[in-house]
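Tertiary structure, described
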Amino acid sequence: MWTGPEDFPVRWFSAPGQLLRLDGLDAHSWLHVRGRTRADLEAICETVPGRWSLGYTESLDAGPLPF
């Protein structure tokens, strides 16, 4: 998916309980991940090498995810 003719591609990947979004190419890219549970998120971080940072904490008001 491209958001516009001058923009970098966006790619989506999924597995049960896991969602990944890759924005951009090469050194100018971001990988956003979401897990249904903390264990799902930790499994992604163990599988995909790199330096990870937690951008959001779990919300007490969060409902179930649609994946």
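Everything numeric in this text was worked out from a predicted model, so none of it was measured.

Rules used in this analysis
Residues numbered from 1 in each chain as written. Predicted model: local features only at pLDDT ≥ 70, side-chain atom pairs only at ≥ 80, totals over all residues. Heavy atoms only, no water. Helix = DSSP H or I, 4+ residues; strand = E, 2+ residues; numbered from the N terminus. Pairing = 2+ DSSP bridges. Axes fitted to C-alpha atoms, helices over the stretch in contact; angles between N-to-C directions. Contact = heavy atoms within 4.5 Å.

1. Concerning the environment of Arg36
Tracing the chain through its elements places Arg36 in the loop between β3 (28-35) and α1 (38-47). Between the C-alpha atom of Arg36 and that of Gln18, which follows or precedes it by 18 residues, the distance is 6.4 Å.

2. Let's talk about the sheet that holds strand β1 (residues 10-15)
Pairing is antiparallel in the open sheet, where three strands are placed in the order β1-β2-β3. Across the chains shown, the open sheet's two edge strands, defined by having one partner strand only, are β1 and β3. The mean inter-strand angle of the sheet, taken between neighbouring strand axes irrespective of direction, is 15°. Examined bridge by bridge, β1 and strand β2 (residues 18-25) share six bridges and lie antiparallel to one another. Counterpart to Trp12 in the pairing with β2 is Arg21. Across the sheet, α1 is in contact with β2 and β3; its angle to β3 comes to roughly 150°.

3. Things to note about the environment of Leu20
With respect to the secondary-structure elements, Leu20 resides in strand β2. Between the alpha carbons of Leu20 and Ile44 there is a distance of 8.8 Å; along the sequence they are 24 residues apart.

Worth remembering: the numbers are spatial, not functional.
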